[in-house]
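Structural characterization, general
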Amino acid sequence: MINDNDVIETLDELETFLRSVEVGGLGLDNVSGVALATNNANGRPFVAVLDDNQQLVLGRYVTTEVFESGKDMVRYGTKKPH
């Protein structure tokens, strides 16, 4: 599920979202990873939270700048302590 109203506009917002996923703060079950992706229907970039079967559990649209600049953060995780 992707909510159009929840757009991540800065790297700080992306980091906060990723840390929430990492520590289980969003109450999601069977989370196995996160990825940056592009919506096939409209071409908008988003960060995807995936379950054990690689199915979308939660998604948040991101700006193009965050999509390009946040790849390493999504790939390697956040560096700040939880």
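1. Topic: the pattern of salt bridges
One side chain can pair with another of opposite charge once the charged atoms of both are near each other. Applying the stated criterion to the full structure yields four salt bridges. Put simply, Glu15 and Arg19 hold a salt bridge, and the shortest N to O gap is 3.9 Å. With Glu15 and Arg19 both in helix 1 (residues 11–22), this residue pair falls four residues apart, about one helical turn. Exposure remark for Arg19: the relative accessible area of 25% places this residue in the partly exposed category. Ionic pairing is found between Asp72 and Arg75, a salt bridge with its closest N-O pair at 3.2 Å. With Asp72 and Arg75 both in helix 3 (residues 71–76) and three residues apart, the pair spans about one turn of that helix. For Arg75, a relative accessible area of 53% puts it in the exposed group.

2. A short note on the nonpolar core
Ranked by internal contacts, the top residues of the largest apolar core, which has 13 residues, are Ile8, Leu14, Phe17, Leu18, Val47 and Val62. Only helix 1, strand 2 (45–51), helix 2 (64–69) and helix 3 provide two or more residues apiece to this core. The leading source of residues in this core is helix 1, at four residues. Leaving out residues up to four positions away in the same chain, Ile8 has contacts with Glu13, Leu14, Phe17, Val47, Arg60, Tyr61, Val62, Thr63 and Val66.

3. Description of the environment of Thr63
Checked against the element boundaries, Thr63 lands in the loop between strand 3 (56–61) and helix 2. On a C-alpha basis, the gap between Thr63 and Ile8 in space is 6.5 Å, while along the polypeptide they are 55 residues apart. For Thr63, the contacting residues outside a window of four places in its chain are Val7, Ile8, Glu9 and Pro45.

4. Digging into the pairing of strand 1 (residues 31–38)
Bridge count for strand 1 against strand 2 is seven bridges, and the pairing is antiparallel. Residue pairing across strands places Gly33 opposite Leu50, the latter belonging to strand 2. Following strand 1, the chain reverses through six residues before pairing antiparallel with strand 2; Gly43 in that reversal takes a positive phi of roughly 80°.

Rules of the game
Residues numbered from 1 in each chain as written. Predicted model: local features only at pLDDT ≥ 70, side-chain atom pairs only at ≥ 80, totals over all residues. Heavy atoms only, no water. Salt bridge = Lys/Arg side-chain N within 4 Å of Asp/Glu carboxyl O. Helix = DSSP H or I, 4+ residues; strand = E, 2+ residues; numbered from the N terminus. Buried < 20%, exposed > 50% of the residue type's maximum accessible area, 1.4 Å probe, protein only. Core = buried A, V, L, I, M, F, W, Y, C linked by side-chain atoms within 4.5 Å. Contact = heavy atoms within 4.5 Å. Pairing = 2+ DSSP bridges.

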